[in-house]
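So the chains spell out like this:
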Amino acid sequence: MSDTETPPFRYTAALAGDIELRWQAFWAENGTFHAPNPAGDLADPTHPRAGAPKLHVQDMFPYPSGAGLHVGHPLGYIGTDSYTRYKRMTGYNVLHPMGFDAFGLPAEQYAVQTGTHPAVTTAANVDRYRQQLRRLGLAYDERRSFSTTDPDYYRWTQWIFLQVFNSWFDPSVQKARPISELIASFESGERGPEWAAASATERRRIIDGYRLAYVSEAPVNWCPGLGTVLANEEVTPEGRSERGNFPVFQRSLKQWMMRITAYGDRLVEDLDSLDWPEPVKLMQRNWIGRSRGAHVDFSTESDKITVFTTRPDTLFGATYMVLAPEHDLVDRIVPQAWPAGTKDVWTGGAGTPAEAVAAYRAAAAAKTEEERTADGKVKTGVFTGAYATNPVNGADVPVFIADYVLAGYGTGAIMAVPAQDERDWAFAEVFELPIIRTVQAPEGFEGAFTGDGVAINSDWLDGKGVAEAKAAMITWLEENGKGTGATTYRLRDWLFSRQRYWGEPFPIVYDETGLPIALPESMLPVVLPDTDDFSPRTFDPDDADTEPETPLSRKKDWVQVELDLGDGLKTYTRETNTMPQWAGSCWYELRYLDPKNDKALVDPDNEAYWMGPRSEGDPGGVDLYVGGVEHAVLHLLYSRFWHKVLFDLGHVSSFEPFKKLFNQGYIQAYAFRDARGMIVPADEAVERDGKWFVGDQEVYREYGKMGKGLKNVVTPDDMCEQYGADTFRVYEMAMGPLDVSRPWETRAVVGSQRFLQRAWRLVVDEETGGVRVTDEPLDPKSRKVLHKVIAGVREDMDELRFNTAIAKLIELTNTLTPLSTVSREAIEPLVLMMSPFAPHMAEELWGKLGHEGTLAYADFPVADPAQLVADAITYPVQVNGKVRGRVEVSPDTPEAEVREQALAAVAEVIADRTPKKVIVVPGRLVSVVI
RNA sequence: GUCCCCGUAGACCAACCGGCAGAGUCGAUGGACUCAAAAUCCAUUCAGUGUGGGUUCGAAUCCCACCGGGGACACCA
């Protein structure tokens, strides 16, 4: 291409780049996108939006990787940027911040690989991300940006940890309360006499048992390959680590936990107050897994076995019991020899119950999780030799162990009711156990009946429906001391410690008792000590018998610390675990509100303004939160939990962090393999006659994530270089609805560039650079189009339908293009409406149209209702569903008149037949039935 | 296996509460400009809505079944 032949003032990538860098500098210098707070340092009563209605829109912040952004990453950011620019122009005080989630495993692993300190690589990555985002013209209030690794930020992460540590959950009010209130209640003696008799250390231990953050020795997910323990949420159903895909083993280790289970009910129930996609709500409900039912006690000769059941109404049909193989009671109930009546299939061929149990346990332990849960697998198990007594009818039922009962759920023991449970049915068939129906199944029904029906074979329950029978049975159990109503959760407490370096240190020390002591707020932040020795101790991924070792524990001079915590100067030992990656992202939405506040996490006035509830029942929270569906459980559950704790303790007025959630789609890309199956660079593939070639070699197309592995990465930098940021933004927004995933196609980007070029040309003469716009009024027909487009664009913007909004803007541009004069009446609204998507070009044109400064606070165009009324309506006239004619009438024509004209228009088709029915749909069509 | 979402021109996507299947983009074809090409501009092209039923005056839209794609859950008592 020769520059001399391109018109000198054409909107090319080079010109776009020039305009874009200029406006980005302007916005930064003038603080154009600073949002005023009601209180504190960021308050600004002179700001055009001070005191205006607020709108808090947020993206899930990125984890800055070494690879930088590809074109898929900013999709949501551009969406929220366009949306918030629009809302700002309609009068809102918009908060649209961006930060960086920079602690965590990947940064540390990258650092280990490269031998560079994670602080260095993280800072470099954050820097690069900032540059890339700035280049796209994203309108962030940069004063509110932070990384979770900033000590000023994680000081407050640690502060929240202290709040959690210094609280307990009071079930009587279903909320967290300060631990001091619990201590006071113990000291008053209202919680029994043990307190008075307890030593100081014992008292601490008692209290520690109530805290929302606590240390416990419990089975946890130990991942030798990563050298750390993991939360349940971080382990895949296959029993491997979500990150790195290493084997995970159950080990009993001493770890920090957070009592998220206390919030199970509220985490389920408050979902109803949220405007979230249903699938995400469902995933959270599934994960929490609340079930209501009863604990029922079955007695054996020596012990009592408590089971959890959701179907206490079927107790009369319980014909055997099953314990998880690991259940504590198994060894105690196993008798010396098989009792009389033991069937052969029950013994697994073993000579004694003890041998059978041992053999079964060994076999179960050797199985992988996949084998254990394999679809359609036959039930296995073995008789323990013991019998228990069904509390409702005194029947003796055999007790089995089987791996279909999980140790970690409920009590690890079940009563088996084969007639009403498919799993129990399958087991009963294998082990020849009796099946007694206790719910009337439909005629001819085979198998376990889990539906609703009338109780049968159940003595005093007979005739009751399932719900009624459940309630009656729970009452009976409680009155007879055989059980209680109970609710269980699949959700486990949150394993909160990691044996890694790159995370927030705990604000915790230990004294000689080995019990944890919270550091006072005045000692925050506990700064992560610098070290060259940051590599975690990892192990052979398959070696379960290894012990985690925290990198911080090697830093002896840091671990041993002299402090005065009220008892004079003493030596303490620091906690050497660090917090999990989720900690920093659990509350960042709050810090954006008041990022510089060093007195409080967030000033209450600022929190109430940006996130407070607006009406009764309103949970408050971020008005719009946009991000990928992959955070449906982990991040969104943890942050809801922390938010509720902060709410209970009075630090925030909203009881949910994110009122509306929107899941954006993904941009994926084609990748190509040659005949040998090797990936070839996607940008070298050329299409010919429906086939793809690199040179003369045919290659084969597939579809997947954009990434190095598939050699199909396209970066925003490439796009800015080739087309400019505005073109890139318009393309991403125009290619489809924000929530739909779609393939990237670089060659289609030119369409968006052409659109911007046409719009540019409406204002600027490509040869002279002069402004072509006149003050002559627009012709009436185009005016109608203009107002129709304004009305449509507003509607689309409000609903986040950016693709259709852009289509309307293109339509308007295409309407104006052939006109001989370019009227200001049309151009100014067009420029304003384009500005959310192509802000740099719009600013530039706005200036050329004679305006000073930025258009960021200009009023978004409003449609004139008078212009939205059509001059004439053309009614298609259908006869028996087929269009047979048309009539054109003025919009205010009465229905009867339309009907008459329509019938006249199709008189020939109707001929001498009599219409059975004539339907006039006002403004739409006329349908004649003959 | 169960549940959820989605199938519309060659590709990406529109079509509001059931009312004439097309707003926009790419591609393709033709033309203008050019010595030529690129870029740009103008014009044209193309589906009857995954399949089969049903409801309705009228179905892409609602209902049922099936096919295809994507996602979630998968012994949670």
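Because the structure is predicted, anything quoted here is derived from the model rather than measured.

Chemist: Just to check I follow, could you spell out the overall build of chain A for this structure?
Modeler: Summing up its helical and strand segments, chain A has 30 helices and 33 strands in all. With the principal axes as the frame, chain A shows a C-alpha extent of 105 × 90 × 70 Å. Across chain A, the fraction of contacts at a sequence separation of at least 24, relative to all contacts at a separation of at least 6, is 71%. Of the roughly 40500 Å² of accessible surface on chain A, a fraction of 50% belongs to carbon and sulfur atoms. Side chains of chain A carry 95 positive and 134 negative charges; the gap between the two charge centres is 3 Å.

Chemist: Whenever I open this one, the pairing of strand S22 (residues 667–673) confuses me. Can you help?
Modeler: Bridging between S22 and strand S27 (residues 742–743) involves two bridges; their strand directions are parallel. For Ile667, the partnering residue across the bridge sits in S27 and is Arg742. Pairing geometry for S22 and strand S26 (residues 697–704), over five bridges, is antiparallel. Paired with Ala669 across the bridge in S26 is Gly704. Here S22 runs beside strand S23 (residues 679–680); their pairing, made up of two bridges, is antiparallel. Paired with Arg673 across the strands is Ile679, a residue of S23.

Chemist: Help me understand the pattern of salt bridges in this model?
Modeler: Should the charged atoms of two oppositely charged side chains come close, the side chains can pair. Considering all chains together, one arrives at 48 salt bridges under this definition. Of the charged contacts, one joins Asp623 and Lys54 as a salt bridge, the two residues approaching to 2.8 Å between their closest N and O atoms. Of this pair, Asp623 sits in the loop between helix H20 (604–611) and strand S20 (624–627) while Lys54 sits in strand S1 (residues 54–59), placing them 569 residues apart in sequence. As far as burial versus exposure is concerned, Asp623 and Lys54 are alike and both buried. One salt-bridge network, in which partners are shared between bridges, spans Asp265, Glu269, Arg290 and Arg292.

Chemist: Teacher, can you tell me more about the domain arrangement of chain A here?
Modeler: Where interface size is given, it is often the accessible area lost as the parts come together that is meant. When cut into domains, chain A gives domain 1 (26–53 + 66–146 + 583–663), domain 2 (159–166 + 211–259 + 493–577), domain 3 (291–488) and domain 4 (870–929). On a C-alpha basis, the centroid separation for the pair domain 3 and domain 4 is 71 Å.

Chemist: How should I be thinking about the pairing of S26 in this particular structure?
Modeler: Side-chain direction in a regular strand flips from residue to residue, so the side chains alternate between the two faces of the sheet. Across three bridges, strand S25 (residues 691–694) lies against S26 in antiparallel orientation. Within S26, the position partnered with Val694 by the bridge is Gln697. Hairpin remark: S25 followed by S26, antiparallel, with two residues in the connecting loop; positive phi at Gly695, about 65 degrees.

Chemist: When you look at the nonpolar core in this model, what are you seeing that I'm missing?
Modeler: The tendency in soluble globular proteins is for nonpolar side chains to be buried as a group. Judged by nonpolar contacts, the single largest core of 182 residues is most densely connected at Phe161, Trp494, Phe496, Trp642 and Trp744. Top element by residues in this core is helix H5 (residues 151–165). It accounts for nine residues. Of the residues that make up this core, three or more belong to each of domain 1 (26–53 + 66–146 + 583–663) and domain 2 (159–166 + 211–259 + 493–577). By size, the runner-up hydrophobic cluster in this structure holds 53 residues, among which are Ala294, Met321, Trp346 and Ala350.

Chemist: Help me understand empty space enclosed by the protein, please; the structure alone is not making it clear to me.
Modeler: In this structure the tally under the stated criterion is two cavities of 30 Å³ or more. In this structure, the largest cavity spans a volume of roughly 50 Å³. Considering the residues around the largest cavity, the lining is formed by Phe33, Arg85, Arg88, Met89, Ser835, Pro839, Leu855 and Ala856. No other element matches the three residues that helix H2 (residues 75–89) contributes to the lining of the largest cavity. Split by residue class, the lining of the largest cavity holds five nonpolar, one polar and two charged. Reported here for the second largest cavity is a volume of approximately 30 Å³. Forming the boundary of the second largest cavity are Leu762, Leu816, Leu819, Thr821, Val822 and Ser823. Taken together, the residues of the lining of the second largest cavity break down into four nonpolar, two polar and no charged.

Chemist: How should the sheet that holds strand S5 (residues 213–223) be read in this particular structure?
Modeler: Through backbone hydrogen bonds, the strands of a sheet pair up, either in parallel or in antiparallel fashion. With antiparallel pairing, four strands are arranged side by side in an open sheet as S6-S5-S7-S15. With one partner strand each, in any of the chains shown, strand S6 (228–230) and strand S15 (494–495) form the two edges of the open sheet. Here strand S7 (residues 249–258) runs beside S15; their pairing, made up of two bridges, is antiparallel. Its bridge partner lying in S15, Met258 is registered against Trp494.

Chemist: Could you clarify how one ought to interpret the packing of helix H24 (residues 749–763) against helix H26 (residues 802–816) in this entry?
Modeler: Direction vectors running N to C along H24 and H26 enclose 45 degrees, while the axes themselves pass 10 Å from each other. In terms of orientation, H24 lies oblique with respect to H26. The handedness of the crossing between H24 and H26 is left-handed. Of the residues in H26, those touching H24 at Phe755, Arg758, Ala759 and Leu762 are Ile806, Leu809, Ile810, Thr813, Asn814 and Leu816. Considering only residue class, the contact of H24 with H26 consists of seven nonpolar, two polar and one charged.

Chemist: Hey, could you run me through the packing of aromatic side chains in this one?
Modeler: Centre distance and the angle of the planes are the two values used to describe a pair of aromatic rings. Inspection of every chain in the model, using the stated rule, returns 54 aromatic pairs. Pairing Trp338 with Phe383 gives two aromatic rings, centres 6.0 Å apart and planes at 15 degrees, and the pair type is stacked. Of this pair, Trp338 sits in the loop between helix H11 (330–333) and helix H12 (344–347) while Phe383 sits in strand S11 (residues 382–389), and the two are 45 residues apart along the sequence. What makes Trp338 buried here is its relative accessible area of 18%. Here Phe383 falls in the buried class, since its relative accessible area comes to 0%. What links up through ring pairs into an aromatic cluster is the set Phe161, Phe165, Phe169, Trp256, Tyr263, Trp494, Phe496, Phe506, Trp582, Tyr638, Phe641 and Trp642. Across the ring face of Phe165, the terminal group of Arg211 is positioned such that the distance to the ring centre comes to 4.1 Å. Against the face of Tyr214 rests Arg259, its NZ or CZ located 4.2 Å from the ring centre.

Chemist: What is the right way to read the packing of helix H3 (residues 105–114) against helix H4 (residues 118–135) from this model?
Modeler: Helix-helix packing: each pair is described by the crossing angle between the helix axes and the interaxial distance. It is at 9 Å that the axes of H3 and H4 come closest, and there the two elements cross at 115 degrees. Classified by the angle their axes make, H3 and H4 are roughly perpendicular. For the element pair H3 and H4, the recorded crossing hand is right-handed. Within the contact between the two elements, H3 uses Ala107, Tyr110, Ala111 and Thr114 and H4 uses Pro118, Thr121 and Thr122. Grouping the constituent residues of the contact of H3 with H4 by class yields four nonpolar, three polar and no charged.

Chemist: Could you clarify how one ought to interpret the side chain of Thr32 in this entry?
Modeler: Looking at the secondary structure, you find Thr32 in the loop between helix H1 (13–30) and S1. Excluding its chain neighbours within four sequence positions, the residues that come into contact with Thr32 are Phe26, Trp27, Thr854, Ala856 and Tyr857.

Chemist: Honestly, the environment of Pro743 in this entry has me stumped. Any pointers?
Modeler: For Pro743, the position within the fold is in strand S27. Between the C-alpha atom of Pro743 and that of Gly704, which follows or precedes it by 39 residues, the distance is 8.7 Å. When residues no more than four places from it in sequence are discounted, the contact partners of Pro743 are Gln668, Tyr670, Tyr703 and Met735.

Reading the values: the criteria
Residues numbered from 1 in each chain as written. Chains lettered and ligands numbered in written order. Predicted model: local features only at pLDDT ≥ 70, side-chain atom pairs only at ≥ 80, totals over all residues. Heavy atoms only, no water. Helix = DSSP H or I, 4+ residues; strand = E, 2+ residues; numbered from the N terminus. Contact = heavy atoms within 4.5 Å. Areas by Shrake-Rupley, 256 points an atom, 1.4 Å probe, with all protein chains shown as cover. Lys, Arg positive; Asp, Glu negative; His and termini not counted. Charge placed at Lys NZ, Arg CZ, Asp CG, Glu CD. Pairing = 2+ DSSP bridges. Salt bridge = Lys/Arg side-chain N within 4 Å of Asp/Glu carboxyl O. Buried < 20%, exposed > 50% of the residue type's maximum accessible area, 1.4 Å probe, protein only. Domains from an automatic or database assignment. Core = buried A, V, L, I, M, F, W, Y, C linked by side-chain atoms within 4.5 Å. 1 Å grid on protein atoms, 1.4 Å probe; cavity = no way out; pocket = protein on both sides within 12 Å on 5 of 7 lines; lining within 4 Å. Points joined across faces, edges and corners; volume = space filled by probe spheres on them. Nonpolar A, V, L, I, M, F, W, Y, C, P; charged D, E, K, R; others polar. Axes fitted to C-alpha atoms, helices over the stretch in contact; angles between N-to-C directions. Parallel < 35°, antiparallel > 145°, perpendicular 65-115°, else oblique. Left-handed = near helix turned anticlockwise from the far one by under 90°. Phe/Tyr/Trp six-rings, centres within 6.5 Å; stacked < 30°, edge-to-face > 60°. Lys NZ or Arg CZ within 6 Å of the ring centre and 35° of its normal.

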